Amino acid sequence: MKRNPHFACVSERYLFQEVLKRKEAFLKEHPHAKIISLSIGDTTEPLSKTIVEGLIESAHSLGKVESYLGYGPEKGQEALRKKIADALYQNKVSSDDIFISDGAKCDIGRLQILFGSDCTIGLQDPAYPAYLDTAVLFRGPKIHLLPCEPKNNFFFNIEEMKKVDAVFICSPNNPTGAILSKKQLEQAVAFAKKHGKIIVFDAAYASYVQGDHLRSIYEIEGAEDVAIEIGSFSKMAGFSGVRLGWTVIPSSLKFADGHPVKADWSRLITTFFNGASVLSQKAALSALSHEGLKEIATQVSFYLENASLLRNAFINLNFETYGGEHSPYLWVRIPGKTSWQAFQELLDKSHIITTPGVGFGPQGEGFLRISSFGRRSHIEEAIERLHKFS
Ligand code: PLP
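Cut-offs used in this document
- Numbers given to residues run from 1 along each chain, matching the order in which its sequence is written.
- Per-residue local features are limited, in this predicted model, to residues with pLDDT of at least 70; the limit for side-chain atom pairs, both in listing and counting, is 80 or more; totals at the level of whole chains, interfaces and linings are taken over all residues.
- Side-chain measures were taken over the full set of non-hydrogen atoms in the model, leaving aside hydrogen atoms and water.
- We call a residue near a molecule or strand as soon as one heavy atom of that residue lies within 4 Å of the molecule or strand.
- Two N or O atoms form a polar contact when they lie within 3.5 Å of each other; inside protein one atom must be a possible hydrogen donor and the other a possible acceptor, and for residues adjacent in sequence the pair counts only when both atoms belong to side chains.
- All accessible-area figures derive from a Shrake-Rupley calculation using a 1.4 Å probe, and residue coverage is judged against the displayed protein chains alone.
- The secondary structure listing takes helices from DSSP runs of H or I that are at least 4 residues long and strands from runs of E that are at least 2 residues long, numbered from the N terminus.
- Throughout, the ten residues Ala, Val, Leu, Ile, Met, Phe, Trp, Tyr, Cys and Pro are labelled nonpolar, Asp, Glu, Lys and Arg are labelled charged, and all others, Gly among them, are labelled polar.
- A contact between two residues is defined here by any heavy atoms of the two lying within 4.5 Å.
- We treat two strands as partners when DSSP finds at least two bridges between them.
- Note on definitions: angles span 0 to 180 degrees between N-to-C directions of axes, and those axes are lines fitted to C-alpha atoms, for helices only across the stretch in contact.
- Nonpolar cores are built from buried Ala, Val, Leu, Ile, Met, Phe, Trp, Tyr and Cys residues. Side-chain atoms within 4.5 Å join them into one set.
- Between buried and exposed lies partly exposed: a residue is buried under 20% and exposed over 50% of the maximum accessible area for its type, with that area taken using a 1.4 Å probe on protein chains only.
- For every domain, the bounds stem from an assignment made automatically or drawn from a database.
- Pairs were defined over the aromatic rings of Phe, Tyr and Trp, the Trp ring being its six-membered one, requiring ring centres within 6.5 Å. Orientation was assigned from the angle between planes: stacked under 30 degrees, edge-to-face over 60, tilted for the rest.
- The rule is short: NZ of Lys or CZ of Arg within 6 Å of the ring centre and within 35 degrees of the ring normal puts a charge over the ring.
- When a carboxyl oxygen of Asp or Glu lies within 4 Å of a side-chain nitrogen of Lys or Arg, that pair is called a salt bridge.

Draft legend 1. Summary view of the site of the ligand. Of all residues adjacent to the ligand, which total 14 residues, the nearest are Asp202, Tyr205, Ser232, Ser234 and Lys235. Here Lys105 contributes a backbone N or O atom positioned 2.9 Å from an oxygen atom of the ligand. Between the ligand and Lys235, the relevant distance is 2.7 Å, taken from an oxygen atom to a side-chain nitrogen or oxygen of the residue. Computed on the free molecule, the ligand has an accessible area of 400 Å², of which 92% lies beneath the protein chains in the complex. Looking at the shell around the ligand, the elements with two or more residues in it are helix H4 (104–115) and helix H7 (234–237). Residue composition of the shell around the ligand, grouped by class: 6 nonpolar, 4 polar and 4 charged.

Draft legend 2. Highlighting the environment of Phe168. Secondary-structure assignment places Phe168 in strand E5 (residues 166–170). Excluding residues that lie within four positions of it along the chain, Phe168 makes contacts with Ile108, Leu111, Gln112, Phe115, Ile121, Gly122, Leu123, Gln124, Tyr131 and Val200.

Draft legend 3. Representation of the sheet that holds strand E12 (residues 355–356). Taking strand neighbours across the sheet as the criterion, the 4 strands line up as E9-E10-E13-E12 in an open arrangement whose pairing is antiparallel. The open sheet is flanked by strand E9 (320–323) and E12, the only strands paired with a single partner. Looking at chain direction, E12 and strand E13 (residues 367–371) are connected through 2 bridges and run antiparallel. Note on E13: the bridge partner recorded for Thr355 is Arg369. Across the sheet, helix H11 (residues 339–350) lies against E12 and E13, angled at about 50° from E13, the strand it touches most.

Draft legend 4. Representation of the nonpolar core within the structure. Ranked by internal contacts, the top residues of the largest apolar core, which has 86 residues, are Phe115, Ile169, Ile199, Ile217 and Phe233. The residue makeup of this core includes at least three contributed by each of domain 1 (5–46 + 293–387) and domain 2 (49–290). Counting 27 residues, the second-largest nonpolar core is a separate cluster that includes Val19, Leu38, Val332 and Phe389.

Draft legend 5. Representation of the packing of aromatic side chains in the model. Here the structure, examined in full by the defined rule, presents 17 aromatic pairs. For the pair Trp340 and Phe343, a centre-to-centre distance of 5.2 Å together with 75° between the ring planes defines the contact as edge-to-face. Of this pair, Trp340 and Phe343 both sit in helix H11, 3 residues apart, which is roughly one turn of the helix. Using a relative accessible area of 22% as the deciding quantity, one classes Trp340 as partly exposed. In this structure, Arg22 packs its charged tip against the face of Trp340, placed 3.9 Å from the ring centre. We note Arg369 situated over the ring of Tyr329; from NZ or CZ to the ring centre the distance is 4.1 Å.

Draft legend 6. Representation of the pattern of salt bridges. Scanning all chains against the criterion turns up 23 salt bridges. For Lys163, the salt bridge goes to Glu160, with nearest N and O atoms at 3.1 Å. On the basis of relative accessibility, which here comes to 47%, the residue Lys163 falls in the partly exposed class. Taking the relative accessible area as the measure of exposure, Glu160 reaches 19% and is therefore buried. For Glu186, the salt bridge is made with Lys182, and the minimal N-O distance between the two is 3.9 Å.

Draft legend 7. Region of the structure containing the side chain of Asn306. Among the structural elements, Asn306 can be located in helix H10 (residues 290–316). Engagement of the side chain of Asn306 in a polar contact is seen with the backbone oxygen of Ser372, the distance being 3.0 Å. A polar contact is formed between the side chain of Asn306 and the side chain of Arg376, at a distance of 2.6 Å. If we ignore the near neighbours within four places in the chain, the residues touching Asn306 are Ser372, Gly374, Arg376 and Ile379.

Draft legend 8. Spotlight on the environment of Ile198. By the secondary structure assignment, Ile198 is in strand E6 (residues 198–202). Residue contacts for Ile198: discarding those within four places in its chain leaves Phe115, Asp165, Ala166, Val167, Val226, Ile228, Leu253, Phe255 and Val261.

Draft legend 9. Inspection of the environment of Asp97 at higher detail. Relative to the helices and strands, Asp97 resides in the loop between helix H3 (78–89) and strand E2 (98–101). Using a relative accessible area of 9% as the deciding quantity, one classes Asp97 as buried. One polar contact links Asp97 to Ser251, side chain to side chain, over a distance of 2.9 Å.

Written out as structure tokens, the structure reads:
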């Protein structure tokens, strides 16, 4: 059988596998080096008490004949959809428009199938690599990169949206840590409405938003006619291993022929997906309980404090530094070096691994993404070691 040619259009390895390969090569030469990772965006604090209790309770109920559950509804348990609508959207979104998933990344992949192979996808440059890779694997290189630079708060020229059918927007952003302003999102929604585009708004880091910045695109009037929103429990509640996310597809969002997008999404997930784990859904319900919400807010604050410590450290060393205020990520320009050179130098001199900005798109060249997920002692040690690099 002939190989699917689209696989030749993506790099051989997913970005973080390449980072891992370089770390292993370094450890081969320096087996005693104590490497600190500020690379992959993965949570490090254990699950909170209320979530663990929910998981135990759910496991026990699955072990009894009277409370055993098999397949559930593909779009997720009603109680959880209602809880998300209430606790996270103050019921501005209908629970019927929420589809529970096994994580945001899986839904990013499924969205490519929803849109089909004929459409052109627009991506922020730099962007979370899963958008590019899933888009290219599905339809080949029919991707339009929208350059996002510091001078425009990492937003693209809105007119560029003319060239695409659907655009992925992430705020707070991975990798830059930037948060888009209400005005920028209003412009995107107005443009999408006028020109018949769909916005996929990735709100995986919404729980890191401070003050009155936007947490959801549905806070913009009219967004329900043009936008899909993706959410995740991974960075909000430490579910990167437990796995749970959701996608909102409003009933009023229609394709050009008037067909509801939600109807096709329902068809897709009932075909492709048999529902998220019962255990994860119960854990998510616990996370959104009164106690659970307090506990997860404490964890998010902890990571934001890490981010603030790292941000101050890079600024004090005179690096051009972005993000870290509404996001666990910092985006740091390393003058005079390519991203991979900077990555290697930080590894060689300070035994710290980061993520090369260029791995997120051409506009990321010369930057490093710094993740502030980590134990406090590791973050403090990393800050000490930064002096060897500067
Ligand atoms: N979206 C963004 C912007 C992310 O950074 C990530 C994970 O790092 C995801 C989605 C994936 O989240 P999940 O763990 O729910 O698949």
